[in-house]
Amino acid sequence: MNKKFYASSLLSRHPRVTLSGIYAWIPRPVRLSKCSMVGTAPTIENSTGGRGRQWLRGMTSLVAASGMGTLLLLPAQAKVLDRTLATINGQAILLSEFEKNATPILDQFKKMAPASEQTPEHVADIKKRVLDQMIEDRLLTQEAKKKSIRISQLEIDDGVKKVRGRFATEEEFKQEMQKAGMNNEEFRGHLQDQLSTIKLIDQEVKAKVPPPSDTDVKDLYDTLQAILQDKPIPGSHTPSEIDELKSLAQSVQRRFGERVRARHILIRTSAGSSKSQRDEAQKTIKDIQSQLKKGADFSELSKKYSEDPQSKERGGDLGYFSRNEMVPPFEKAAFGLAVGQTSDIVETDFGYHLILVDEKKASRKPNFDELKDDLREYLFQQRAAKRLESYVKELRSKAEIKVNNFE
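Scoring rules and cut-offs
Residues numbered from 1 in each chain as written. Predicted model: local features only at pLDDT ≥ 70, side-chain atom pairs only at ≥ 80, totals over all residues. Heavy atoms only, no water. Helix = DSSP H or I, 4+ residues; strand = E, 2+ residues; numbered from the N terminus. Expected span 1.5 Å × (residues − 1). Contact = heavy atoms within 4.5 Å. Axes fitted to C-alpha atoms, helices over the stretch in contact; angles between N-to-C directions. Parallel < 35°, antiparallel > 145°, perpendicular 65-115°, else oblique. Left-handed = near helix turned anticlockwise from the far one by under 90°. Nonpolar A, V, L, I, M, F, W, Y, C, P; charged D, E, K, R; others polar. Pairing = 2+ DSSP bridges. Core = buried A, V, L, I, M, F, W, Y, C linked by side-chain atoms within 4.5 Å. Buried < 20%, exposed > 50% of the residue type's maximum accessible area, 1.4 Å probe, protein only.

Undergrad: Break down helix 10 (residues 275–293) for me, citing the residues and quoting the values.
TA: Helix length check: helix 10, at 19 residues, gives a terminal C-alpha distance of 27 Å against a target of 27 Å (1.5 Å per residue), a fit within 8%. The inward-facing, buried residues of helix 10 abut strand 3 (259–268), helix 11 (298–305) and strand 6 (351–361). G295 sits one or two residues past helix 10 and shows a positive phi near 105 degrees.

Spelled out as structure tokens, the structure:
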């Protein structure tokens, strides 16, 4: 239902804990958009990097957040083809490595994106972004080694402890290790690379970024207020900067604007669905509606019937969302309901929905003191992201990179 449902928004959240991307972080240019059609939108707290540190870089945000060559897993039935896809200063990226990164992203894209978005061009763009990120991560790893950045065994031990702490049980951690095809020594080596990259970025990027001034922070606050009040944006900005500011303003609005917390049950259809498929979907949603009218529990029916994989296990809970986040028919229905009220059947591009509103929050204007720390961190991380982008660009210009065909 996310209005902005396209490839660049799919991975703004980690779908689950894996052995990649759960310790290191690297600031990247921010793209604030909901990660799925139903997931809770990032708040200003985790979109500014101060708390969530979820710096996104289009479709490859999951890879970017991992910082290094990731260990996302191939499906068990996938065939591993160990031919060289790219070389970076003589170091190979194998096709099998690329597939481990690209496959989960493409699978999620196919599950979540409307059929109209699933074009060969989009798929090719996703693959290119994944490979570009892998190349940049490899360059950073190489540069850390070139600069002889050292990581102590104590630091690695601490890293291992933090990684293990993100898994529910030791057994789950070991299973993930096994799926990734790594033994303990290989895992520690991977973690050492991540930690050395963090140190590299700390000393070459973050340490050289000037802190935002009080005036900078206040100017950003005033700019966001202007956007939220539909007033002209002060100052001179590029189109991409305006997009970023509008995204940040939307994040503020999500936190302080009128919000609804709702559940839904989705029976999917698409533009390519046949009449018989649509008829069957309508029959199913009407049957669910009938059960609700007879007193059935909404959450249980969502777990049983909903075809939204992101919310069904939570009983259809979408969390809080504000206006302009969902497609218009869904938004109109959700904001028009009273707390505890269930909608009639709502049709969107994703299919047929039943919506239950759990809570509502009235909008209010945030004061400067409520936002200043987050805005200061946002400005710092944006500057760090730009500096990192320039730093990586310089590394690329000096590197010998050869890329072979994907196919």
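Further notes follow.
Undergrad: Please provide a residue-by-residue account of the packing of helix 10 against helix 11, values included.
TA: The contact between helix 10 and helix 11 brings their axes to 10 Å, and the two run at 155 degrees. One element, helix 10, and the other, helix 11, form an angle in the roughly antiparallel class. The way helix 10 lies across helix 11 gives a crossing that is right-handed. Residue-level inspection shows D287, I288, Q291 and L292 of helix 10 in contact with helix 11, the latter providing F298, L301 and Y305. Residues of the contact of helix 10 with helix 11, tallied by class, amount to five nonpolar, one polar and one charged.

Undergrad: Describe the sheet that holds strand 4 (residues 317–322), with residues and values.
TA: On the basis of which strands lie adjacent, the open sheet formed by four strands has the order 4-3-6-5 and antiparallel pairing. Each edge of the open sheet is held by one strand with a lone partner, namely strand 4 and strand 5 (346–348). The mean angle between the axes of side-by-side strands here comes to 45 degrees, regardless of whether they run parallel or antiparallel. Direction of pairing for strand 3 relative to strand 4: antiparallel, over a ladder of four bridges. By the bridge assignment, R263 is partnered in strand 4 with D317. Of the strands in this sheet, strand 3, strand 5 and strand 6 touch helix 10, which is tilted by about 40 degrees from strand 6. Set on the sheet, helix 12 (residues 328–336) makes contact with strand 3, strand 4, strand 5 and strand 6; between it and strand 6 the angle comes to about 40 degrees.

Undergrad: Describe in detail the nonpolar core, supporting the description with residues and values.
TA: Ranked by internal contacts, the top residues of the largest apolar core, which has 31 residues, are F98, V130, L140, L388 and Y391. Those elements giving two or more residues to this core turn out to be strand 1 (84–88), helix 3 (95–112), helix 4 (120–146), helix 7 (184–204) and helix 13 (368–398). Element by element, the count of residues in this core is highest for helix 4, at eight residues. Ranked by size, the runner-up nonpolar core spans 16 residues in total, among them A262, M326, F335 and L337.

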